[in-house]
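Structural characterization, general
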Amino acid sequence: MILDKNIIAGHNEKELAKHQQQFNFLSEQTGQAAAILEKLKAFQVAIPSWALGTGGTRFGRFAGAGEPATLEQKIEDVGLLHALNQSSGAISLHIPWDIPTNATAIKELAAQHGLQFDAMNSNTFQDQPNQAHSYKFGSLQHTDKAVRKQAIEHNIEVINHGVNLGSKSLTVWLSDGSSFPGQLNFRKAFQRTLESLQEIYAALPADWKIFVEYKAFEPNFYSMTVGDWGQSLLFANKLGDKAYTLVDLGHHLPNANIEQIVALLLNEGKLGGFHFNDSKYGDDDLTVGSINPYQLFLIFNELVEGLDAKGLNHATDLGWMIDASHNIKDPLEDLLQSVEAIQVAYAQSLLVDRAALEAAQGNNDVALAQEILQQAYRTDVRPLVAEARLQLGGALSPIKLFREGKVRAALIGERGEKSVATGL
Ligand SMILES: [Mn+2]
């Protein structure tokens with residue numbers, strides 16, 4: 001399904017007067033709307049293919065209706081999001097869930113929807129049918145060389161699929177680790193993982209990046225071989241210039257100061273990208289900004305400050321991606337909310353008075369520093385985000401249009417009630 005431009009135009013016409021009033025007020029209030037708008041318009045967030053179906057928990061999965069059952073339908077869904085918000089112009093694929101059997105045709109289809117291919121994701125945390133060796137005791141860290149070889153070859157196959165699609169990066173997340181004391185020699189597991197990653201790194205094209213994603217716990221509960229940003233950074237530094245750390249917001253122990261982690265990785269030139277989501281306990285994969293939008297703002301505050309200090313491009317020098325997949329919302333509505341939450345936090349961080357903050361920090365004026373941050377955070381920047389969408393041809397109120405336009409009903413009509421997405 002392709003959303004007719006006239007439907008979006010009709011929706012915007014109805015919403016325009018109210019929007020204009022709110023936008024004019026905000027423009028006057030902030031005095032820097034034009035510059036922020038240009039940055040918002042350039043900023044795209046990649047959508048993971050596995051977020052398009054209803055997720056589950058280890059207790060069960062309550063499938064939605066009209067979910068995308070094929071790679072073509074997943075691209076179509078991201079195309080719908082992008083038509084609505086003009087900020088979801090890339091899709092991130094997961095192999096083997098999304099193997100493109102005809103890369104040329106898939107690339108063409110994506111181009112029709114204005115989409116590019118973001119990072120490719122490998123999977124050595126599950127056994128696939130007909131696979132020779134099991135990943136029950138790990139993949140790149142495994143004690144058996146044959147298992148490691150299988151996992152390395154899989155990652156190289158993922159790179160090759162990505163090359164055919166025009167992707168430029170590989171994200172490696174490992175479930176490797178141990179669940180009981182004594183199970184694993186930490187030093188040797190690290191060394192085996194490094195050697196495996198080095199073989200994958202050697203297969204990377206010159207203009208590619210590899211992202212080493214870390215996670216504090218789960219599925220292993222005693223140790224994770226890439227368990228935190230320190231371990232990821234060790235791997236990235238030993239691998240070389242094309243290797244970076246990837247921060248997934250849900251992959252930390254409770255109360256971790258993620259904004260500080262981000263600031264330091266960025267300063268080291270080793271922050272590769274993000275997996276956005278939100279959580280209350282751990283890897284909850286909830287809608288971005290749904291639990292702790294202030295933390296999201298503080299992270300963006302460090303990102304903007306650090307990117308500017310390094311002279312980096314906000315839109316293109318880091319990988320921006322959502323990694324969420326939960327079980328009770330319509331996935332497309334959830335993703336529209338997530339992208340908007342990211343844009344809101346980004347716009348708020350652009351509003352921070354950097355010179356005043358630096359002066360307050362220099363004077364150790366703690367109260368004023370907090371006032372400056374919260375002045376930006378408490379500004380309702382939603383009219384700015386909506387204006388960016390409007391200028392790009394998107395919808396002023398994407399979820400409202402998604403509902404009024406009965407998009408899910410149309411997808412169910414095309415795909416059926418029982419269509420289930422491949423993936424987790
Ligand atoms: Mn992730």
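For the chain, the name recorded in an unreviewed UniProt entry is TIM barrel protein, with Terrimonas rubra as its organism.

**A closer look at the overall build of the chain**
The helix and strand tally for the chain stands at 15 helices and 13 strands. Over its C-alpha atoms the chain spans a radius of gyration of 22 Å, differing by no more than 12% from the 22 Å that the globule rule assigns to 424 residues.

**Observations concerning helix 2 (residues 33-42)**
Residues Ala 33, Ile 36, Leu 37 and Leu 40 constitute the buried set of helix 2. Down the axis of helix 2, the buried set is contained in an arc of 105°. They therefore lie on one face. Opposite its buried face, helix 2 presents the exposed residues Ala 34, Ala 35 and Glu 38, each directed more than 90 degrees away. Buried-residue contacts for helix 2 involve helix 1 (5-30), helix 10 (331-351) and helix 13 (382-392).

**What to know about the packing of helix 5 (residues 145-165) against helix 6 (residues 186-202)**
As a packed pair, helix 5 and helix 6 sit with axes 9 Å apart at the nearest point and diverge in direction by 35°. Where helix 5 crosses over helix 6, the handedness of that crossing is right-handed. Contacts from Arg 148, Ala 151, Ile 152, Asn 155 and Ile 156 of helix 5 reach helix 6 at Arg 192, Ser 196, Glu 199 and Ile 200. Looking at the contact of helix 5 with helix 6 residue by residue, the class counts come to four nonpolar, two polar and three charged.

**Focus on the UniProt feature "domain: Xylose isomerase-like TIM barrel" (unreviewed entry) in the chain**
Here the UniProt-annotated "domain: Xylose isomerase-like TIM barrel" (unreviewed entry) positions come out as residues 100-285. Counted over residues 100-285, helix gives 37% and strand 16%. Its end C-alpha atoms are 26 Å apart.

**A short note on the nonpolar core**
Of all hydrophobic cores here, the largest spans 112 residues; its most connected members are Ile 91, Val 262 and Leu 384. Top contributing element to this core by residue count: helix 10, with eleven residues. If we ignore the near neighbours within four places in the chain, the residues touching Val 262 are Val 247, Leu 271, Ile 299, Glu 302 and Leu 303.

**Side note on the environment of Trp 320**
Locating Trp 320 in the fold gives a position in strand 13 (residues 319-322). Beyond its immediate chain neighbours, meaning those up to four positions away, Trp 320 contacts Val 45, Ala 46, Gly 273 and Phe 274.

**As for the packing of helix 1 against helix 13**
Taken N-terminus to C-terminus, the directions of helix 1 and helix 13 make an angle of 130°; their axes are 9 Å apart at the nearest point. By the criterion of interaxial angle, the relationship of helix 1 to helix 13 is oblique. The handedness of the crossing between helix 1 and helix 13 is left-handed. Mapping the contact onto sequence places Asn 12, His 19, Gln 22, Phe 23 and Leu 26 in helix 1 and Pro 383, Leu 384, Ala 386, Glu 387 and Leu 390 in helix 13.

The rules behind these values
- Residues numbered from 1 in each chain as written.
- Predicted model: local features only at pLDDT ≥ 70, side-chain atom pairs only at ≥ 80, totals over all residues.
- Helix = DSSP H or I, 4+ residues; strand = E, 2+ residues; numbered from the N terminus.
- Rg over C-alpha atoms; globule rule 2.2 N^0.38 Å.
- Buried ≥ 20, exposed ≤ 12 C-beta atoms within 10 Å, placed from the backbone.
- Arc of directions from axis to C-beta.
- Contact = placed C-beta atoms within 7 Å.
- Axes fitted to C-alpha atoms, helices over the stretch in contact; angles between N-to-C directions.
- Left-handed = near helix turned anticlockwise from the far one by under 90°.
- Nonpolar A, V, L, I, M, F, W, Y, C, P; charged D, E, K, R; others polar.
- UniProt positions renumbered as here; feature names shortened; annotations may be inferred.
- Core = buried A, V, L, I, M, F, W, Y, C linked by C-beta atoms within 7 Å.
- Parallel < 35°, antiparallel > 145°, perpendicular 65-115°, else oblique.

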